[in-house]
Amino acid sequence: MHYGQCPELVIDGLNHATMAYVPVHLEYILAELFKNAIRATIERHVPESERGLLAFAGDDAAADKHLPPIKLTIAQTPNDVAIRIRDEGGGVPYENLAKIFEYSYTTVKKAATSAAQHMGDESPHAAADTGGILGYASEVSMQQGTGGVLAGLGYGLGMARVYSRYFGGSLRMVSLYGHGCDVFLRLPNIDQTTAKDVKI
């Protein structure tokens, strides 16, 4: 997504918490959750015709003040760390809540282009939301780890939940449709007792 804008991130609770965990797992989970919250907030509060324009106004900080903040709350016990991410992005329709962790489910509109079909992929997820050959190239570059769009492939939340559960944690979403979402992430501290039960 290329909106050129970002709501403020407000951190409260135990903002000095530390834990032992796998960095790449934690980075993937948080990137996915923040990306979803940011995208939902912008799409709800910024008209489509204005997205990306405010970033060129010369004052990025002032440009983002009209967006409601994303709130990150951190709590910790001796055994785990709990994180709540709260946004005002409108929430998820209740009939779609059961689908959000499915690998094929995405809310990003896809352009089924002839360029992607010429590249040998006729699936509805063949091109990124930018469309055409540029959209296809962007999606391929992301799959190769070289950049590109961060939404629309349909496996982000599913993989985030897999990573959260790997050492016995959890990932849940509560939607207040018409207002926003609360996402609850619980991750256990990894110690020798936790790690010995993990099958590789």
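It should be emphasised that the depicted structure is a prediction, and the values quoted were computed from it without experimental measurement. (Residues numbered from 1 in each chain as written. Predicted model: local features only at pLDDT ≥ 70, side-chain atom pairs only at ≥ 80, totals over all residues. Heavy atoms only, no water.)

Engineer: For this particular structure, what's the right way to read helix 1 (residues 23–45)?
Structural biologist: Note that an α-helix has 3.6 residues per turn; residues three or four places apart therefore point the same way. Its 23 residues give helix 1 an end-to-end C-alpha distance of 33 Å, which sits within 8% of 33 Å, the value for a rise of 1.5 Å per residue. All buried positions along helix 1 are accounted for by His 25, Ile 29, Glu 32, Leu 33, Phe 34, Lys 35, Ala 37, Arg 39, Thr 41 and Ile 42. On its buried face, helix 1 is in contact with strand 1 (9–13), strand 2 (70–76), strand 3 (80–87), helix 5 (156–165), strand 4 (170–176) and strand 5 (180–188). (Helix = DSSP H or I, 4+ residues; strand = E, 2+ residues; numbered from the N terminus. Expected span 1.5 Å × (residues − 1). Buried < 20%, exposed > 50% of the residue type's maximum accessible area, 1.4 Å probe, protein only. Contact = heavy atoms within 4.5 Å.)

Engineer: Just checking my understanding: could you explain helix 5 for this structure?
Structural biologist: The complete set of buried residues in helix 5 reads Gly 156, Leu 157, Gly 158, Ala 160 and Ser 164. Those residues of helix 5 that are buried are in contact with helix 1, strand 4 and strand 5.

Engineer: When you look at the side chain of Glu 32 in this model, what are you seeing that I'm missing?
Structural biologist: Relative to the elements of secondary structure, Glu 32 occurs in helix 1. If we ignore the near neighbours within four places in the chain, the residues touching Glu 32 are Gly 156, Leu 157 and Ala 160.

Engineer: Can you help me understand the packing of aromatic side chains in this one?
Structural biologist: Tallying each qualifying case throughout the model produces four aromatic pairs. Judged by centre distance (5.3 Å) and plane angle (70°), the rings of Tyr 28 and Tyr 163 are edge-to-face. Of this pair, Tyr 28 sits in helix 1 while Tyr 163 sits in helix 5, and the two are 135 residues apart along the sequence. Measuring from ring centre to ring centre gives 5.0 Å for Tyr 166 and Phe 167, while their planes differ by 85°; the resulting arrangement is edge-to-face. Its relative accessible area of 14% is what places Phe 167 among the buried residues. Each residue in the set Tyr 21, Tyr 166 and Phe 167 is aromatic and connected to the rest through ring pairs, giving one cluster. Across the ring face of Phe 101, the terminal group of Arg 161 is positioned such that the distance to the ring centre comes to 4.3 Å. (Phe/Tyr/Trp six-rings, centres within 6.5 Å; stacked < 30°, edge-to-face > 60°. Lys NZ or Arg CZ within 6 Å of the ring centre and 35° of its normal.)

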